[in-house]
Amino acid sequence: MLTLRSPREIEKMRRPGQLVREAHDRVRGLVRPGVTTRELDQVVEDLFAEHNAEPLFKGYPGVTPFPAVTCISVNEEVVHGIPGDRVLKSGDIVSVDTGCRIDGWCGDAAVTHAVGEISEQAQALLDATSGVLDIAIEAMVECEKWSQVARRMQDFIQATDFSIVRNFVGHGIGKEMHESPQVPNYYSREFEEEDDFPLRPGIVLAIEPMINTGTHETRCLDDHWTIVTDDGGLSAHFEHTVALTANGPERLTGRM
Ligand code: MG
């Protein structure tokens, strides 16, 4: 099922998208050694409340409902980390993911930040992950279907020492945060044959590559939420909500 949004609907999705962007800007201003992940979550919770925006992550159903408005995942944590008392230290990388709904429309984005001075390898991982997201968004102009975009993402990461997480993928987004289709960050023939979709104006996707320094395999911690790399290697995550318009792809959660 492919839902295409009208220009008017996409216009409405800019508001939640831009509030999510502002949330990430505020977090960026706070990330430093000594800050706790709970403090980062609190600034986003306050911002959403100020704007009467509905947080999409808090209460998200699972074995236990997700308890915060952001997912904050440090170092070997891939996604879905729970904010808390953890104090960030120099050398950490911290992925922050959040989303909100305004007037019935959703926005969702993630950024991985460097805390203080990070290793060359960690910086290369951040660059590769934000780079592969840029490649995917730009490829939406030329590619006719998502599998072609996914192939370009895979080619880009295969030229590095890193690996692409397969257990988690991007998604359609609109009135709900998670809508069809599924948006993988790697190529597979199975996807191309069974789940591929055409890139038509009106499609709105949350594109979110997760890239690891070691194995692409992941596992879930006992808290039922936090996903970590199986080998303890670092992981980074960048995400934008992107609308494909008649004028090309537009990052609804990006700088306008
Ligand atoms: Mg997402």
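These notes cover the structure that comes with them. Model, not experiment: these values are computed from the prediction.

1. Considerations on the pattern of salt bridges
So, point 1. A complete count under the given rule lists 21 salt bridges for this structure.
So, point 2. Measuring nitrogen to oxygen at the nearest pair gives 2.3 Å for the salt bridge that ties Glu11 to Arg14. Taken as a pair, Glu11 and Arg14 lie in helix 1 (residues 7–30) at a separation of 3 residues, close to a single helical turn.
So, point 3. Among the salt bridges present, the one from Glu192 reaches Lys145, with a minimum N-O distance of 3.1 Å. Note that Glu192 is positioned in helix 5 (residues 189–194) and Lys145 in the loop between helix 3 (120–142) and helix 4 (146–158), a separation of 47 residues in sequence.
So, point 4. What emerges from the salt-bridge pattern is a single network uniting Arg21, Asp25, Arg28 and Arg255.

2. As for helix 1
So, point 1. Its 24 residues give helix 1 an end-to-end C-alpha distance of 35 Å, which sits within 8% of 34 Å, the value for a rise of 1.5 Å per residue.
So, point 2. Taken as a whole, helix 1 has its buried residues at Ile10, Met13, Pro16, Gly17, Gln18, Leu19, Val20, Arg21, Ala23, His24 and Val27.
So, point 3. At its buried positions, helix 1 is contacted by helix 2 (37–50), strand 4 (93–102), strand 5 (105–114), strand 9 (204–207) and strand 14 (240–245).

3. Quick word on the sheet that holds strand 12 (residues 227–229)
So, point 1. The strand order across the open sheet formed by 3 strands is 3-12-11, and the pairing between neighbours is antiparallel. Taken across any chain shown, the strands that pair with only one partner, and hence form the sheet edges, are strand 3 (77–79) and strand 11 (218–220). Ignoring which end each strand starts from, the neighbouring axes of this sheet average 40° apart.

4. Things to note about the coordination of the magnesium ion
So, point 1. The magnesium ion binds to the protein through Asp108 (OD), His171 (NE2), Glu208 (OE) and Glu239 (OE); the donor distances cover 2.1 to 2.4 Å.
So, point 2. Read N to C, the donor residues that coordinate the magnesium ion are spaced as D-x62-H-x36-E-x30-E. Residue His171 is found in strand 7 (residues 170–172), and its partner Glu239 is found in the loop between strand 13 (235–237) and strand 14; the two are separated by 68 residues along the sequence.

5. Brief notes about helix 4
So, point 1. Relative to the 18 Å expected for 13 residues at 1.5 Å per residue, helix 4 spans 18 Å between its end C-alpha atoms, a close match to the ideal helical length.
So, point 2. Within the span of helix 4, buried status applies to Trp146, Ser147, Val149, Ala150, Met153, Gln154 and Ile157. For helix 4, the buried positions fall inside an angular range of 155° around the axis, keeping them on one side.
So, point 3. Looking at the packing, one finds that the buried side of helix 4 touches helix 3, strand 6 (163–164), strand 8 (179–183), helix 5, strand 9 and strand 10 (210–212).

6. Topic: unusual backbone geometry
So, point 1. Put simply, Ser180 and Pro181 share a cis peptide bond, and its omega is 0°.
So, point 2. Not every positive phi belongs to a glycine, and Asn52 is a case in point at roughly 50°.
So, point 3. Locating Asn52 in the fold gives a position in the loop between helix 2 and strand 1 (54–55).
So, point 4. Backbone geometry places Asn75, a non-glycine residue, at a positive phi of 55°.
So, point 5. The residue Asn75 is located in the loop between strand 2 (70–74) and strand 3 in this model.
So, point 6. Using a relative accessible area of 12% as the deciding quantity, one classes Asn75 as buried.

About the thresholds
Residues numbered from 1 in each chain as written. Predicted model: local features only at pLDDT ≥ 70, side-chain atom pairs only at ≥ 80, totals over all residues. Heavy atoms only, no water. Salt bridge = Lys/Arg side-chain N within 4 Å of Asp/Glu carboxyl O. Helix = DSSP H or I, 4+ residues; strand = E, 2+ residues; numbered from the N terminus. Expected span 1.5 Å × (residues − 1). Buried < 20%, exposed > 50% of the residue type's maximum accessible area, 1.4 Å probe, protein only. Contact = heavy atoms within 4.5 Å. Pairing = 2+ DSSP bridges. Axes fitted to C-alpha atoms, helices over the stretch in contact; angles between N-to-C directions. Donors = N, O, S within 2.8 Å, 3.2 Å for Na, K, Ca; no water. Arc of directions from axis to C-beta.

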